[in-house]
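# Analysis of the macromolecular model
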Amino acid sequence: MQISPVQKTLINIRNTVTSPKMAEFARNTVCAIAVETTLKATGRPAFIYYDKHANKQSKKYAATKELLYQSFCLGLYLSLINKFKNKTYQFISKKFAQKNPEDKRKLDLYDSFQNKIQAEKDKTSKKELEKQFSKLLHTNKDYHFGKGVKEFSSIVSTVFILAICAPIASQIILHPVMDLIFKDKSHTKSAQNAETQPIQ
């Protein structure tokens, strides 16, 4: 039976969506936050700018500030998250390992398999190991603990970066940038009074 170009495209899309990497991407906290922040960086400014009931100058200022803020959050998050989550994971893992030998065994099991995947140079073998690891995360309870600690570390690091670091750093960096973009000080002040602080 001959497969049409449309069917071939649909098969490729299905294979991509159902692949282990895509499944891991969907479950990954870091990926989920990155996608969410990207959508905010595009959706929020567009919504503000095209609001017909808002003042033209004020909404232009607010939309620009929201775009810069969300883009700044995304850049800051992507640049810091791996370092923060790895340090947090090491700290939490050490605490668990010291208190409970069984927890240490589970964490060592999880870490050793991840190290094995990272050390593998052959692409085909690496893909097979990733598939095997993904299956173990679903079927073997010993791997659940390590995965849980890893995701918890990502969540804690995400909250620290986006809820604490980003607002403080943005106040220092974004205000001078906004002043450069909107050089008319009287316009800037009136726009600032009309808009609220962006919320992450």
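Residues numbered from 1 in each chain as written. Predicted model: local features only at pLDDT ≥ 70, side-chain atom pairs only at ≥ 80, totals over all residues. Heavy atoms only, no water.

### What about the overall build of the protein?
Basically, it comes down to this: For helices the rule is a DSSP run of H or I covering at least 4 residues; for strands it is a run of E covering at least 2, with both sets numbered from the N terminus onward. Exposure classes here rest on a 1.4 Å probe applied to the protein chains alone. A residue is buried below 20% of its type maximum, exposed above 50%, and partly exposed in between. Contacts: residue pairs with any heavy atoms within 4.5 Å of one another. Values of accessible area rely on a 1.4 Å probe in the Shrake-Rupley scheme; residue burial ignores everything except the protein chains shown.
Within the protein, the secondary structure is distributed over eight helices and zero strands. Starting at the N terminus and ending at the C terminus, the protein contains elements arranged as α-α-α-α-α-α-α-α. The proportion of buried residues among the 200 residues of the protein is 32%. Put simply, 73% of the contacts in the protein that link residues at least 6 apart link residues at least 24 apart. When the accessible area of the protein is evaluated, it comes to approximately 13200 Å², of which 62% is carbon and sulfur surface.

### Considerations on the environment of Pro45
Counting through the fold element by element, Pro45 comes out in helix 3 (residues 29–49). In contact with Pro45, not counting residues within four places along its chain, are Lys40, Ala63, Glu66 and Leu67.

### Some remarks on the pattern of salt bridges
Pairs can form between side chains of opposite charge whenever their charged atoms are close. The line we're drawing: Here a salt bridge means any side-chain nitrogen of Lys or Arg lying within 4 Å of a carboxyl oxygen belonging to Asp or Glu.
The final tally for this structure, using the stated rule, is six salt bridges. A salt bridge links Lys40 to Glu36, with the shortest nitrogen-to-oxygen separation between them at 3.4 Å. Taken as a pair, Lys40 and Glu36 lie in helix 3 at a separation of four residues, close to a single helical turn. Classification of Lys40 by relative accessible area gives buried; the value is 15%.

### Digging into helix 7 (residues 141–181)
We count it as follows: Consider a residue and the seven residues that end there alongside the seven that start there; fitting an axis to each set, the bend is the angle between those axes. Definition of a polar contact: a pair of N or O atoms within 3.5 Å, with one able to donate and the other able to accept a hydrogen when the atoms are protein atoms, and with sequence-neighbouring residues admitted only if both atoms are side-chain atoms.
For helix 7, the principal kink sits at Cys165 and spans about 40°; a proline, Pro167, occurs within the next four residues. Put simply, Asn140 is the residue that caps the front of helix 7, since its side-chain oxygen is 2.9 Å from the backbone nitrogen of Asp142.

### A closer look at the packing of helix 5 (residues 101–119) against helix 7
Applied cut-off: Axis lines are fitted to C-alpha atoms, over the contacting stretch for helices. Their N-to-C directions set the angle, which ranges from 0 to 180 degrees. If an angle is under 35 degrees, it is roughly parallel; if it is over 145, roughly antiparallel; if it lies from 65 to 115, roughly perpendicular; otherwise it is oblique. Amino acid classes used here: Ala, Val, Leu, Ile, Met, Phe, Trp, Tyr, Cys and Pro are nonpolar; Asp, Glu, Lys and Arg are charged; the rest, including Gly, are polar.
Across the interface, helix 5 lies against helix 7 with an axial gap of 8 Å and an inter-helix angle of 80°. Overall, the two elements helix 5 and helix 7 adopt an arrangement that is roughly perpendicular. Contacts from Asp103, Arg105, Lys106, Leu107, Leu109, Tyr110, Phe113 and Gln114 in helix 5 reach Asp142, Tyr143, Phe145, Gly146, Lys147, Val149 and Lys150 in helix 7. For the contact of helix 5 with helix 7, the residue count by class is seven nonpolar, two polar and six charged.

### Concerning the nonpolar core
For clarity, the threshold we go by: Among buried residues, the Ala, Val, Leu, Ile, Met, Phe, Trp, Tyr and Cys ones that are joined through side-chain atoms within 4.5 Å form a nonpolar core.
Grouped together as the largest cluster of nonpolar side chains are 13 residues, with contacts concentrated most on Cys73, Leu76, Tyr77, Ile81, Ile161 and Leu162. Sorting elements by how many residues they give to this core places helix 4 (residues 56–99) first, with six residues. Beyond its immediate sequence surroundings of up to four residues, Ile81 is in contact with Val30, Ser154, Ser157, Thr158 and Ile161. Residues Phe133, Leu136, Tyr143 and Val149 belong to the second largest nonpolar core, which totals 12 residues.

### Topic: the packing of aromatic side chains
Rules: Each Phe, Tyr or Trp ring, with Trp reduced to its six-membered ring, pairs with another whose centre is within 6.5 Å; inter-plane angles below 30 degrees give stacked pairs, above 60 give edge-to-face pairs, and intermediate values give tilted ones. Should the NZ of a Lys or the CZ of an Arg lie within 6 Å of a ring centre and within 35 degrees of the ring normal, that charge is described as sitting over the ring.
Using the criterion set out here, one finds eight aromatic pairs in the structure. Relative to Phe145, the ring of Phe96 has its centre 5.2 Å away and its plane inclined at 80°; by these criteria the two rings are edge-to-face. Here Phe145 lies in helix 7 and Phe96 lies in helix 4, a separation of 49 residues in the sequence. Phe145 sits in the partly exposed class, given a relative accessible area of 22%. Between the aromatic rings of Phe113 and Tyr143, the centroid separation amounts to 6.1 Å while the plane-to-plane angle is 80°, which identifies the pairing as edge-to-face. Placement of Phe113 in helix 5 and of Tyr143 in helix 7 is noted, with a sequence separation of 30 residues between them. In this pair, the class of Phe113 matches that of Tyr143, namely buried. Among the aromatic residues, ring-to-ring pairing joins Tyr110, Phe113, Phe133 and Tyr143 into one connected group. Sitting over the face of the ring of Tyr49, Lys59 holds its NZ or CZ atom 5.9 Å from the ring centroid. Above the ring of Phe113, the side-chain terminus of Lys116 is found at 5.8 Å from the ring centroid.

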